[in-house]
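# Results of the structural survey
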Amino acid sequence: MTAGLDTFAKVRALHDRTDNPGEKASAAARMKAIAKKAGLTVEQALSKLDTPKPVTDAQSMVDAFAEFMNRPEAVTERNEREARRRVEASDILARYGSEDAVFTDTPLEAALRAAFESLLGQGDRSEIGSSLDGWGTHASRATMPLSVRHAASQAWPMPETVASAWAEYEAADRLTHERYVVDDYFNPYLFTEARQQLVAEILNTLPARSLNDMRARGAWLGHWADGELEQSRDDQRAVVAALRADIERMGQRLREQDATTFGNSEPKPASPVQTGQPARPTRADRHAAIRTLVAEGHGDREIARRLGISPTTVGTVRRGMV
């Protein structure tokens with residue numbers, strides 16, 4: 001445990017002193033992996049280290065972190081979490097067949113990898129893990145270079161609906177989680193993160209065209225509300241505006257359907273001219289026909305046969321005439 005804490009301190013020191021975007025991104029990813037193994041976010045780990053007492057050097061940081069992480073309740077929670085991880089990892093490996101299969105590129109990942117290798121050049125393939133044309137891990141979509149945006153969007157067709165965007169995002173997110181479970185030092189591919197950010201843009205802004213799209217946007221908001229990702233204020237405003245527009249659009253469709261079905265306020269009666277069918281005889285029509293045939297001297301059964309009604313009905317009308 002102490003070795004791990006010492007590594008965290010050294011990585012943080014590297015992160016803070018370097019000005020190289022690639023090195024800074026790589027250090028940030030490594031800090032995230034170490035903190036995740038301890039059951040914390042990087043922010044929580046740094047907060048626990050920085051708040052109780054001033055940290056003047058790397059060894060002080062290690063000591064403070066060790067003191068916090070070695071509390072009995074923390075050790076128990078960590079052991080329980082590790083036991084659950086092993087069970088889940090076993091299930092994942094059984095489903096995939098091998099560890100290699102878990103980390104094999106999907107068709108989408110293979111297309112993205114090829115696109116970015118082409119973008120960076122044959123001699124810069126190692127940079128895919130730490131930087132894409134100067135854009136690194138945890139960088140925002142607002143700072144994404146046009147070259148990265150183009151490569152991520154052209155390598156594989158972008159989703160055309162909210163539902164298909166959520167399906168792609170959720171599949172990639174689930175695969176990343178499974179890889180973390182199998183190897184808790186796994187770092188997500190930077191080209192996958194670039195693609196995910198563009199798909200998130202679609203989930204934030206693309207108008208919903210169907211009920212499935214509305215459901216997908218709800219699932220996306222739930223994913224966000226559960227703390228699975230962070231979005232900027234601009235992203236938050238965009239998705240709220242899109243949701244309001246979805247609701248207004250669906251409300252307008254419902255109003256149009258109601259107007260077509262019911263007119264202004266009353267249900268429209270069926271029209272024989274519109275349907276091409278003769279109007280169904282009313283009770284008064286049937287009784288008038290019965291009285292006519294009775295006056296002509298026909299018997300109850302004959303009248304019933306001619307009119308397609310029961311002799312009992314004919315008899316009732318006849319008695320009423322008397």
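Calculation rules
Residues numbered from 1 in each chain as written. Predicted model: local features only at pLDDT ≥ 70, side-chain atom pairs only at ≥ 80, totals over all residues. Heavy atoms only, no water. Helix = DSSP H or I, 4+ residues; strand = E, 2+ residues; numbered from the N terminus. Buried < 20%, exposed > 50% of the residue type's maximum accessible area, 1.4 Å probe, protein only. Contact = heavy atoms within 4.5 Å. Areas by Shrake-Rupley, 256 points an atom, 1.4 Å probe, with all protein chains shown as cover. Expected span 1.5 Å × (residues − 1). Arc of directions from axis to C-beta. Salt bridge = Lys/Arg side-chain N within 4 Å of Asp/Glu carboxyl O. pLDDT = per-residue confidence, 0-100. Axes fitted to C-alpha atoms, helices over the stretch in contact; angles between N-to-C directions. Left-handed = near helix turned anticlockwise from the far one by under 90°. Nonpolar A, V, L, I, M, F, W, Y, C, P; charged D, E, K, R; others polar. Phe/Tyr/Trp six-rings, centres within 6.5 Å; stacked < 30°, edge-to-face > 60°. Lys NZ or Arg CZ within 6 Å of the ring centre and 35° of its normal. Core = buried A, V, L, I, M, F, W, Y, C linked by side-chain atoms within 4.5 Å. Polar contact = N/O pair within 3.5 Å; in protein donor to acceptor, adjacent residues only side chain to side chain.

What follows is about the overall build of the chain. What the chain contains, in helices and strands, is 16 helices and two strands. Counting the 322 residues in the chain, one finds 34% classified as buried. Sequence separation of at least 24 residues holds for 64% of the intrachain contacts in the chain that already meet a minimum separation of 6. Counting every atom, the chain has about 19500 Å² of accessible surface; 52% of that belongs to carbon and sulfur.

Turning next to helix H14 (residues 283-295). In this model H14 runs 19 Å from its N-terminal to its C-terminal C-alpha over 13 residues, within 8% of the 18 Å that 1.5 Å per residue would give. What H14 keeps buried is the set His287, Ile290, Leu293 and Val294. Here the buried residues of H14 occupy an arc of 125° about the axis, which is enough to place them on one side. Within H14, the exposed residues directed more than 90 degrees away from the buried face are Ala284 and Ala295.

What follows deals with the pattern of salt bridges. Under the defined criterion, the tally for this structure stands at 14 salt bridges. Among the salt bridges present, the one from glutamate 201 reaches arginine 141, with a minimum N-O distance of 3.6 Å. Of the two residues, glutamate 201 sits in helix H10 (residues 190-205) while arginine 141 sits in the loop between strand S2 (135-136) and helix H8 (146-154), which places them 60 residues apart along the sequence. Among the residues examined, glutamate 201 registers a relative accessible area of 28% and is labelled partly exposed. Under the relative-accessibility criterion, arginine 141 is labelled buried at 12%. A salt bridge links arginine 141 to aspartate 235, with the nearest nitrogen and oxygen atoms 2.7 Å apart. Here aspartate 235 lies in helix H12 (residues 233-262) and arginine 141 lies in the loop between S2 and H8, a separation of 94 residues in the sequence. The exposure classification of arginine 141 matches that of aspartate 235, with both residues buried. One connected set of salt bridges, linked through shared partners, spans Arg141, Arg149, Glu201 and Asp235.

As a further point, take the confidence of the model for the chain. Of all residues in the chain, 79% attain a pLDDT of 70 or more, and the chain-wide mean is 80. Here residues 122-126 scores under 50 on pLDDT; set against residues more than four positions off or in separate chains, the count is two contacts. Contacts from residues 267-275, a stretch scored under 50 in pLDDT, to residues over four places away or in other chains number five contacts.

Let us look at the packing of helix H15 (residues 300-307) against helix H16 (residues 311-321). Where H15 meets H16, the axes come as close as 8 Å, and the angle between the chain directions of the two elements is 120°. Between H15 and H16 lies a crossing whose hand is right-handed. Facing H15, whose interface residues are Asp300, Arg301, Ile303 and Ala304, H16 presents Pro311, Val314, Gly315 and Arg318. Here the contact of H15 with H16 is composed, by residue class, of four nonpolar, one polar and three charged.

Take the packing of aromatic side chains next. Evaluation of the coordinates by the stated rule reveals seven aromatic pairs. The interplanar angle of 85° and the centroid separation of 5.8 Å between the aromatic rings of phenylalanine 186 and tyrosine 189 together place this pair among those described as edge-to-face. The exposure class of phenylalanine 186 is buried, given its relative accessible area of 7%. Counting every residue linked through ring pairs, the aromatic cluster contains Phe103, Tyr180, Phe186, Tyr189 and Phe191. Over the face of the ring belonging to tyrosine 189 we find arginine 113, whose NZ or CZ atom lies 5.0 Å from the ring centre.

The next point concerns the nonpolar core. Phe116, Leu132, Trp135, Met144, Val148, Phe191 and Ala194 are the most contacted members of the largest nonpolar core, which has 18 residues in total. Contributing elements (two or more residues each) for this core: helix H7 (107-120), H8 and H10. When residues no more than four places from it in sequence are discounted, the contact partners of valine 148 are Phe116, Leu119, Leu132, Asp133, Trp135 and Ala194. Grouped together as the second largest cluster of nonpolar side chains are 12 residues, Val162, Ala200, Leu203 and Trp224 included.

The next thing to look at is the side chain of glutamine 196. When you line up the elements, glutamine 196 lands in helix H10. On the basis of relative accessibility, which here comes to 12%, the residue glutamine 196 falls in the buried class. Engagement of the side chain of glutamine 196 in a polar contact is seen with the backbone oxygen of tyrosine 169, the distance being 3.2 Å. Ignoring sequence-local partners within four residues, the contact set of glutamine 196 consists of Glu168, Tyr169, Ala172 and Asp173.

As a further point, take the packing of helix H5 (residues 72-96) against helix H9 (residues 162-182). Where H5 contacts H9, the axes come no closer than 8 Å and their chain directions differ by 115°. When you trace H5 past H9, the crossing you get is left-handed. Residues Arg85, Glu88, Ala89, Ile92, Leu93, Arg95 and Tyr96 of H5 touch H9, and the partners they reach there are Leu175, His177, Glu178, Val181 and Val182. Of the residues in the contact of H5 with H9, the class split is seven nonpolar, one polar and four charged.

For valine 181, the location among the structural elements is in helix H9. Between the C-alpha atom of valine 181 and that of arginine 85, which follows or precedes it by 96 residues, the distance is 6.0 Å. When neighbours within four sequence positions are excluded, valine 181 is seen to be in contact with Arg85, Glu88, Ala89 and Ile92.

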